[in-house]
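Residues per chain are reported as follows:
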Amino acid sequence: MSRNPIVTFAQDRLDAARREIKAAVIDFDVSDEKLLELRANARAAYEELRALDAKLLKKGVLSLFKFW
């Protein structure tokens, strides 16, 4: 698990979005529009986590060379 609380929060958000999608796929009473909305939410959470990871990786690499 990450030591950064922001990354941990983003990971939790992505995990929750994935659980919602899995539950919605199994439940045939969920409308297609709702499923697409859940998918968009999961994609947004993934992109947020990916951006945070890239930002922290860049910061970590630069700290190795003492450029920042």
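Residues numbered from 1 in each chain as written. Predicted model: local features only at pLDDT ≥ 70, side-chain atom pairs only at ≥ 80, totals over all residues. Heavy atoms only, no water.

## A word on the overall build of the protein chain
At step 1: Regarding its fold elements, the protein chain presents two helices and zero strands.
At step 2: Expressed as a percentage of its 68 residues, the buried residues of the protein chain come to 16%.
At step 3: Contacts in the protein chain between residues far apart in sequence, at least 24 positions, make up 57% of those at least 6 positions apart.
At step 4: For the protein chain, the accessible area works out to roughly 5800 Å², and carbon and sulfur atoms hold 61% of it. (Helix = DSSP H or I, 4+ residues; strand = E, 2+ residues; numbered from the N terminus. Buried < 20%, exposed > 50% of the residue type's maximum accessible area, 1.4 Å probe, protein only. Contact = heavy atoms within 4.5 Å. Areas by Shrake-Rupley, 256 points an atom, 1.4 Å probe, with all protein chains shown as cover.)

## A word on helix 1 (residues 5-26)
At step 1: Helix length check: helix 1, at 22 residues, gives a terminal C-alpha distance of 32 Å against a target of 32 Å (1.5 Å per residue), a fit within 8%.
At step 2: Buried within helix 1 we find Val7, Thr8, Ala10, Leu14, Ala17 and Ala24.
At step 3: A distance of 2.9 Å separates the backbone nitrogen of Ile6 from a side-chain oxygen at the start of helix 1, and that oxygen is part of Asn4. (Expected span 1.5 Å × (residues − 1). Polar contact = N/O pair within 3.5 Å; in protein donor to acceptor, adjacent residues only side chain to side chain.)

## A word on the nonpolar core
At step 1: Within the largest apolar cluster, six residues are counted, these being Val7, Ala10, Leu14, Ala45, Leu49 and Leu52.
At step 2: Among the elements of the structure, helix 1 and helix 2 (32-65) are those that each provide at least two residues to this core.
At step 3: Contacts of Ala10, omitting those with residues within four sequence positions, involve Glu48, Leu49 and Leu52. (Core = buried A, V, L, I, M, F, W, Y, C linked by side-chain atoms within 4.5 Å.)

## Description of the environment of Ala42
At step 1: Checked against the element boundaries, Ala42 lands in helix 2.
At step 2: Considered as a pair, Ala42 and Arg13 are 29 residues apart in the sequence and their alpha carbons are 8.4 Å apart.
At step 3: Leave out the neighbours within four places in its chain, and Ala42 touches Leu14, Ala17 and Ile21.

## Description of the pattern of salt bridges
At step 1: Using the criterion set out here, one finds three salt bridges in the structure.
At step 2: Note that Glu48 is salt-bridged to Arg13, the shortest N-O span being 2.1 Å. Placement of Glu48 in helix 2 and of Arg13 in helix 1 is noted, with a sequence separation of 35 residues between them.
At step 3: Look at Arg13 and you get partly exposed, because its relative accessible area is 36%.
At step 4: Across the salt bridge formed by Arg50 and Glu47, the nearest N and O atoms sit 3.5 Å from each other. Placement of the pair is Arg50 and Glu47 together in helix 2, with a separation of three residues, close to one helical turn.
At step 5: Here Glu47 falls in the partly exposed class, since its relative accessible area comes to 34%. (Salt bridge = Lys/Arg side-chain N within 4 Å of Asp/Glu carboxyl O.)

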